[in-house]
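Chain residues, written in single-letter form:
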2 protein chains.
Amino acid sequence: MHLQVTQENLNKALGTVARVASARGTLPVLANVLIKTVNNRLSIAATNLDIAITQYIGAKVTTDGAITVPARLMQDFINSLPGGVIDLKLDEYKLHIATDQYQSVINGVSAEEFPVMPAITDGKTWTVPAPVLKKGLQQVILAASGDEARPVLTGVYLHTAEGKLYMAATDSYRLAEKELLATSEEIDLLVPVSAMQDLLRIVSDVDEDVTVTSDDQQVLFRVGDIELVARLIEGKYPDYRKLIPASFATSAQLKRTDLLNATKVSSLFARESAGSITLNVDETTQELSIRSVASQLGENTAKAVAKVTGSGAITLNSRYLLDALHVLSGEDVDFAFNGKLEPVVLRDTAAADYVHIIMPLKS
Amino acid sequence: MHLQVTQENLNKALGTVARVASARGTLPVLANVLIKTVNNRLSIAATNLDIAITQYIGAKVTTDGAITVPARLMQDFINSLPGGVIDLKLDEYKLHIATDQYQSVINGVSAEEFPVMPAITDGKTWTVPAPVLKKGLQQVILAASGDEARPVLTGVYLHTAEGKLYMAATDSYRLAEKELLATSEEIDLLVPVSAMQDLLRIVSDVDEDVTVTSDDQQVLFRVGDIELVARLIEGKYPDYRKLIPASFATSAQLKRTDLLNATKVSSLFARESAGSITLNVDETTQELSIRSVASQLGENTAKAVAKVTGSGAITLNSRYLLDALHVLSGEDVDFAFNGKLEPVVLRDTAAADYVHIIMPLKS
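Residues numbered from 1 in each chain as written. Chains lettered and ligands numbered in written order. Predicted model: local features only at pLDDT ≥ 70, side-chain atom pairs only at ≥ 80, totals over all residues. Heavy atoms only, no water.

The number of helices and strands found in chain A is 6 helices and 26 strands. Split into buried and exposed, the 363 residues of chain A put 53% on the buried side. In chain A, of all internal contacts separated by at least 6 residues, the share reaching a separation of at least 24 is 67%. With an accessible surface of roughly 16200 Å², chain A has 47% of that area assigned to carbon and sulfur atoms. Treating the 33 positive side-chain charges of chain A as one cloud and the 44 negative ones as another, the clouds have centres 4 Å apart. (Helix = DSSP H or I, 4+ residues; strand = E, 2+ residues; numbered from the N terminus. Buried < 20%, exposed > 50% of the residue type's maximum accessible area, 1.4 Å probe, protein only. Contact = heavy atoms within 4.5 Å. Areas by Shrake-Rupley, 256 points an atom, 1.4 Å probe, with all protein chains shown as cover. Lys, Arg positive; Asp, Glu negative; His and termini not counted. Charge placed at Lys NZ, Arg CZ, Asp CG, Glu CD.)

Moving on to the interface of chain A and chain B. Contact residues are listed per partner, giving 31 residues for chain A and 31 residues for chain B. For the pair chain A and chain B, the summed buried surface comes to about 2700 Å²; carbon and sulfur atoms form 53% of the total. Ranking the residues of chain A by area buried against chain B places L73(A), Y102(A) and L297(A) at the top, with a combined share of 19%. Inspection of the chain A/chain B interface yields 2 salt bridges. Between chain A and chain B we count 18 residue pairs in polar contact (both at pLDDT 80 or more) in total. (Buried area = accessible area lost by both parts, 1.4 Å probe. Salt bridge = Lys/Arg side-chain N within 4 Å of Asp/Glu carboxyl O. Polar contact = N/O pair within 3.5 Å; in protein donor to acceptor, adjacent residues only side chain to side chain.)

Quick look at the relation of the copies chain A and chain B now. Between chain A and chain B, which share one sequence, the superposing operator has a rotation angle of 180° and an axial displacement of 0.0 Å; the RMSD is 0.0 Å. Both chain copies can therefore be described as sitting about a two-fold axis. A shared interface surface links the copies, since 100% of the contact residues of chain A are contact residues in chain B too. (Least-squares fit on C-alpha atoms with pLDDT ≥ 70 in both.)

Next up on the list: the domain arrangement of chain A. All names here are of chain A. Taken domain by domain, chain A holds domain 1 (2-113), domain 2 (124-242) and domain 3 (246-358). The C-alpha centroid of domain 3 is placed 28 Å from the C-alpha centroid of domain 2. With 13 residues of domain 2 in contact, the opposing surface of domain 3 contributes 13 residues. Each partner contributes to the roughly 1100 Å² buried at the junction of domain 2 and domain 3, and carbon and sulfur atoms together form 51% of this total. Contact with domain 3 buries area across many residues of domain 2, yet Q139, R174 and L175 alone supply 44% of it, more than any other trio. Ionic pairing is found between D353 and K178, a salt bridge with its closest N-O pair at 3.3 Å. Where domain 2 packs against domain 3, one counts 8 residue pairs in polar contact (both at pLDDT 80 or more). It is strand 13 (residues 174-182) that contributes the most residues to the side of domain 2 that touches domain 3, 6 residues altogether. (Domains from an automatic or database assignment.)

Take a look at the structure:
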């Protein structure tokens with residue numbers, strides 16, 4: 001293998017893929033990135049067996065070849081080099097990297113030891129604009145569970161219902177659902193949240209379409225020169241939609257930043273009580289107030305003007321409420337519930353395509 | 001105690017002082033800030049017994065008084081409030097804090113339990129412009145030791161010699177000295193580096209003069225409305241100046257960023273060898289080159305053009321060299337030494353007021 005690439009392109013590709021690489025007990029080669037010539041381009045790939053990310057970059061290839069090298073060293077090294085042309089030359093398992101000022105040798109491991117994710121054959125393909133996917137991921141990912149005891153809840157659920165594609169996640173304490181687009185496809189994919197976090201990074205500064213291809217086992221997201229393949233989670237996703245109430249006894253409409261600030265201040269006094277804060281919605285005064293009490297430290301009451309229909313009180317984990325208010329991006333927010341043991345529903349007043357549910361704490 | 005302050009002023013004062021507060025085993029009140037009316041102003045103070053910081057802010061005082069409240073809660077709380085007037089009212093040991101939208105009670109502890117640092121009487125006073133002090137601290141602090149086994153080396157040494165004031169620090173592996181200003185005073189102060197780090201924060205965005213007052217035990221830095229008092233370290237500072245060579249067998253003059261980049265890249269291959277890199281200065285090729293070898297990972301050679309007098313090689317800890325190159329701020333740097341076991345001296349080519357010394361590693 002002998003080729004030239006620019007530092008800028010190689011650095012960008014390593015930045016995209018290297019995060020996935022990390023040593024696992026029996027497979028040290030997973031801490032490496034695979035560097036391989038493919039049709040006069042260079043492919044840079046990393047995998048942790050659940051997720052694989054590959055980026056293709058332009059290269060001036062003199063001789064074909066492939067090698068794996070330690071991901072962290074390679075990324076830090078290329079990142080430290082000045083911009084311009086880099087010469088890569090493989091001599092057995094030693095990768096020689098040269099610029100005007102720097103001469104390096106990085107000891108590699110044979111590309112044959114690098115595990116390859118099976119190809120998707122006979123898959124279904126559809127597309128979604130990157131900004132739509134990005135916004136959905138930003139609003140939904142946070143509700144997925146990190147607890148491996150219930151694997152289906154560690155997934156983000158992409159599915160169609162009545163001609164629309166939805167993205168949803170829940171950890172059973174909270175739930176987020178985003179309507180992405182209208183489609184005639186039938187889609188039903190449960191993607192690990194870790195893959196979705198990587199995908200969010202990848203689509204963050206992209207405007208083009210993302211092409212999604214899947215079979216029973218895997219899903220491939222392709223955007224520009226980048227491919228992300230993830231194993232799907234097996235199992236049936238809970239019928240979460242039955243949890244979303246259709247009508248409410250109590251509802252308040254207020255400025256999102258007012259509710260956010262009141263929750264932030266209240267949460268400071270809720271540290272002793274694991275974040276527990278009580279929200280009071282008062283139809284008479286047309287106010288939402290939050291009370292939190294720390295027996296040692298003191299207590300706080302915060303209030304905000306709201307359009308209220310039906311009085312009521314509910315106790316929530318302030319962290320979940322803060323998370324929800326951060327991903328709701330509109331100016332006004334609807335805060336609604338049916339009683340102190342029923343879920344709270346948060347929506348952007350001006351947009352019907354996103355719903356966020358938080359289960360109450362017992363108080 | 002009853003008074004009004006602005007959120008902006010109170011927040012700034014808490015930001016200045018609260019960092020010093022933290023609970024110590026037997027004195028939980030040290031985790032609190034002292035809030036006290038003084039001559040129609042409000043003083044906000046925190047101490048860890050070694051350092052005390054006080055900031056005075058304007059206030060509309062109705063009734064005098066004093067209380068201590070938990071520093072972290074108070075800081076986070078005031079920081080979360082919107083800008084504008086805050087009403088503070090003390091009811092026994094409960095501090096009532098009110099704005100239009102927020103009503104809080106923070107449980108305090110009597111101001112009488114708060115330890116007061118003794119006043120400096122009969123002290124000597126001199127001044128230094130804040131930007132001069134800031135630059136000196138930025139260039140010197142990093143060389144102080146964190147090892148309490150040799151307390152004098154955990155100090156920053158302010159002293160006069162031949163009509164000039166110098167600031168110096170050394171951990172015995174490296175040494176930094178900055179000439180601050182000409183003076184007719186006789187100054188000899190050994191200030192804990194932790195106090196100097198706090199002082200650096202305080203003088204960071206200030207242009208005025210800093211007034212320094214000291215006796216045998218303590219030093220007081222006063223800048224604007226802020227006072228920092230620190231206990232001095234006892235003991236005799238080593239006669240470090242005899243370590244600074246007067247002439248050199250080998251010297252290289254090169255762009256600081258060239259040496260910085262070459263060191264950065266080389267340090268990546270020096271992780272296995274505790275940061276050890278070998279610098280070669282070659283009079284024939286007029287180059288400085290750095291070689292680092294990682295038996296497992298690979299090896300690297302980086303080179304830079306330099307004006308060289310006298311060839312030679314020396315092995316250094318790359319972290320120390322990076323630290324020095326970051327605080328040297330000029331365009332060109334002088335790199336000079338007398339043999340592989342003698343100290344390396346780094347200077348800004350265009351400025352004679354700063355010297356940085358690094359002891360070599362055995363190679």
